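An overview of the molecular structure
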Amino acid sequence: MLREPAIATAIVVALVALYAFAGFVGGARKLDAVQPPPAARGDYAITLAFAPERFHEQWLQDRGRVVGVKGSTVFMRDVEPQVLRGIAREYWVTGVVRWSGP
Amino acid sequence: MTAVAGDAGFAQPWGLSRRAARTLKGAAGIVLMLVAWQVSVPLVGMSSYFYPAPLDVWAAFVDLVTKGVLPIYIADSLVRYGVGVGIGAVLGIVFGVAIGMSRRTSLAFSPLFKFLFALVEVAWIPIFVVWFGYGVKTIVLALIYVVFFPVMYNTLLAVRTAPAVLVNAVRSLGGGRVGVMRYVILPSALPGMITGLRLAAGFAFRGLVFGEFIAAKTGVGYLIFEGAQSQQTARSIVGMIVMGLLWLAIDQFYLRPFERATVQRWGLIVDAADRR
């Protein structure tokens, strides 16, 4: 009788888990470029696959301090390591490198 | 028990199952509408800002997914929707049962709820913004407000129309207020509650859109608003389609099965197809 909700829930959970797993693996790969691994707050250049829109700038602003945008790269200050890992997990973020300022 | 005859006995074209044939017929209507829409675009001769073609809308959808905007907006909207509908439903059921069971509670709350029912949620949102600021709280409150009344009134009606003969039977067997509630009122009111919830869950999308228009910077409702503001009409249409699809999915995979299950278990109607 309630097979449909159970199947739908299982599909949604599986999709979310797959999304999270892909983000976890992809995020770790993107952070390989950050050496040594982030251990404290730092400044980073976040590269997207496209020129950021207002949504992306606001989304990143909520996770650190956006100080500039050049092309498809957003420059951020005071990003915590945990937050950086969250940023790197997003599929539309293509690269993360340490940034030493302008 | 009344049996509702289905069309299970009729042969379907091309040997399809009844369900597949029904889905195909539904899809045919949508495809026809899309073709007519696409063909009408050059005839109308307006820019894509005024009248985007289905292909423009598809391109906008792909763009929103590629840029990660749509998944985050959908997730934000669904969380707000889930919290708002959940709290609104619980409050609606609690007040519906309380008012239905107690004359004093009914006298105390009925006039107030009748008054509040007349005030649409849109009128409250600016006040909620003043009280709670922009963001989740305001949207969730708007959703609670939208969901509360249909659930409450359906529950109230269901409680008041519980079979008196069964109530008396439980009482004559020594059952108290709790016993009557447990063995008669709640089982007989459940179909009414679920019907109210299904009705309210549909209305809740209105509250979500209005709330996100006014008090959010993310969400599918905000996408509809932002698309029109930034002259990206195709994005607005993507938002509208996504919202419609979300409702269809929630209704099809959750609300309808629950309603069917409760009506068949505790209601007065049984589907003939399930009796075979």
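You'll find the structure just up there.
Residues numbered from 1 in each chain as written. Chains lettered and ligands numbered in written order. Predicted model: local features only at pLDDT ≥ 70, side-chain atom pairs only at ≥ 80, totals over all residues.

1. Considerations on the overall build of chain B
The criterion, for reference: Counting from the N terminus, the helices are DSSP H or I runs at least four residues long and the strands are E runs at least two residues long. To assign burial, the other C-beta atoms lying within 10 Å of each residue's own C-beta are counted, with C-beta atoms placed from the backbone; 20 or more indicates buried, 12 or fewer indicates exposed, and intermediate counts indicate partly exposed. Here, residue contact means that the backbone-derived C-beta atoms of the two residues sit within 7 Å.
Looking only at helices and strands, chain B has ten helices and two strands in total. Starting at the N terminus and walking to the C terminus, you meet the elements of chain B as β-α-α-α-α-α-α-α-α-α-α-β. In terms of principal-axis extent, the alpha carbons of chain B reach across some 75 × 60 × 30 Å. Going through the 276 residues of chain B one by one, you find that 34% of them count as buried. Long-range contacts, defined here as pairs at least 24 residues apart, represent 73% of the contacts in chain B between residues at least 6 apart.

2. As for the overall build of chain A
Note the following rule: Values of the radius of gyration come from C-alpha atoms, whereas the globule rule sets the reference at 2.2 Å times the count of residues to the power 0.38.
Along chain A, the regular secondary structure elements total three helices and four strands. Taken from the N to the C terminus, the helices and strands of chain A come in the order α-β-α-β-β-α-β. A compact globule built from 102 residues should have a C-alpha radius of gyration of about 13 Å, whereas chain A, at 16 Å, is more than 25% larger.

3. Regarding the interface of chain A and chain B
What counts here: Here the nonpolar group is Ala, Val, Leu, Ile, Met, Phe, Trp, Tyr, Cys and Pro; Asp, Glu, Lys and Arg are the charged ones; every other residue, Gly included, is treated as polar.
If you look at the interface, chain A gives twelve residues, while chain B gives nine residues. Of all the secondary-structure elements, those providing two or more residues to the side of chain A that touches chain B are α1 (3–30) and α2 (54–61) of chain A. Element by element, the count of residues in the side of chain A that touches chain B is highest for α1(A), at three residues. A class-by-class count of the residues in the side of chain A that touches chain B yields eight nonpolar, one polar and three charged.

4. A look at the environment of B:Leu166
Turning to its location among the elements, B:Leu166 is positioned in helix α7 (residues 164–172). Exposure remark for B:Leu166: the 15 C-beta atoms within 10 Å place this residue in the partly exposed category.

5. Details of the pairing of strand β1 (residues 42–48) of chain A
Residues and elements named next belong to chain A. Heads up, the condition is: Here, any two strands with at least 2 DSSP bridges between them count as paired.
Across five bridges, the pairing between β1 and strand β3 (residues 73–79) is antiparallel. Its bridge partner being in β3, Tyr44 is matched across the sheet by Met76. The pairing of β1 with strand β4 (residues 93–98) spans five bridges and is antiparallel. Considered in β4, the bridge of Leu48 is made with Val93.

6. A word on the sheet that holds β1(A)
Residues and elements named next belong to chain A. Put simply, the rule is: Angles shown run from 0 to 180 degrees and are taken between the N-to-C directions of axes, each axis being a line fitted to C-alpha atoms and, for helices, limited to the stretch in contact.
Strand order in the open sheet formed by four strands is β2-β3-β1-β4, with antiparallel pairing between adjacent strands. Only two strands of the sheet have a single neighbouring strand rather than two, namely β2 (65–70) and β4. Pairs of neighbouring strands in the sheet enclose a mean axial angle of 25°, with direction left out of account. On the sheet, α2 packs against β1, β2 and β3 and is oriented at approximately 150° with respect to β2.

7. Describing the packing of helix α5 (residues 121–132) of chain B against helix α8 (residues 177–215) of chain B
Residues and elements named next belong to chain B. Here is the rule we go by: For any pair of crossing helices, the crossing counts as left-handed if the nearer helix is rotated counterclockwise from the farther one by less than a right angle, and right-handed if it is rotated clockwise.
Here α5 crosses α8 at 35°, and the two axes come no closer than 10 Å. Regarding α5 and α8, the two cross each other, and that crossing is right-handed. Counted together, Glu121, Val122, Ile125 and Val129 of α5 and Gly207, Phe210, Gly211, Ile214 and Ala215 of α8 form the full contact between these two elements. Here the contact of α5 with α8 is composed, by residue class, of six nonpolar, two polar and one charged.

8. Thoughts on the nonpolar core
Residue and element names in this part refer to chain B. Under the convention used in this document: We call a set of buried Ala, Val, Leu, Ile, Met, Phe, Trp, Tyr and Cys residues a nonpolar core when their C-beta atoms link them within 7 Å.
Within the largest apolar cluster, 60 residues are counted, with the highest numbers of intra-cluster contacts made by Ala142, Leu143, Val147, Val151 and Ala204. Secondary-structure elements contributing two or more residues to this core are α2 (54–66), α3 (69–101), α5, α6 (136–160), α8, α9 (220–229) and α10 (233–266). Ranked by residue count, the leading element in this core is α6, at 17 residues. If near-sequence neighbours (up to four positions away) are discounted, Leu143 is found in contact with Arg80, Tyr81, Gly84, Val85, Gly88, Ala204, Gly207, Leu208 and Gly211.

9. With respect to the environment of B:Ala169
Relative to the helices and strands, B:Ala169 resides in helix α7. Along the backbone, B:Ala169 and B:Val180 are eleven residues apart, and their C-alpha atoms lie at a distance of 9.2 Å.

10. Considering unusual backbone geometry
Of note in the backbone geometry, A:Asp78 takes a positive phi value of approximately 55° without being a glycine. Among the secondary structure elements, A:Asp78 is positioned in strand β3. If you check the backbone angles, B:Gln231 has positive phi at about 60° while not being a glycine. Take B:Gln231: it is sitting in the loop between α9 and α10.

11. Describing the pairing of β3(A)
Residue and element names in this part refer to chain A. Two elements, β2 and β3, share five bridges in a ladder whose sense is antiparallel. In the strand pairing of β3, Val66 is matched with Met76. In sequence, β2 turns back onto β3 through a hairpin of two residues, with Gly71 there showing a positive phi of about 60°.

12. So, the packing of α6(B) against α8(B)
All names here are of chain B. For clarity, the threshold we go by: Convention used here: angles under 35 degrees read as roughly parallel, angles over 145 as roughly antiparallel, angles from 65 to 115 as roughly perpendicular, and any remaining angle as oblique.
Close contact between α6 and α8 brings their axes to 7 Å; oriented N to C, the two are set at 155°. If you check the angle between α6 and α8, you find them roughly antiparallel. Judged by the twist between their axes, the crossing of α6 over α8 is right-handed. Looking at the contact of α6 with α8, its residues break down into 24 nonpolar, nine polar and two charged.

13. Digging into α6(B)
All names here are of chain B. We count it as follows: Expected span of a helix: the number of residues minus one, times 1.5 Å. Note that the bend at a residue is defined as the angle between axes fitted to the seven residues ending at it and the seven residues starting at it.
Counted at 1.5 Å a residue, the expected span for α6 with its 25 residues is 36 Å, and the 35 Å between its end C-alpha atoms agrees. Taking the largest bend as the criterion, α6 deviates by roughly 25°, centred on Phe148, and proline Pro150 comes between one and four positions later. Of all 25 residues in α6, 21 are buried, a share of seventy percent or more.

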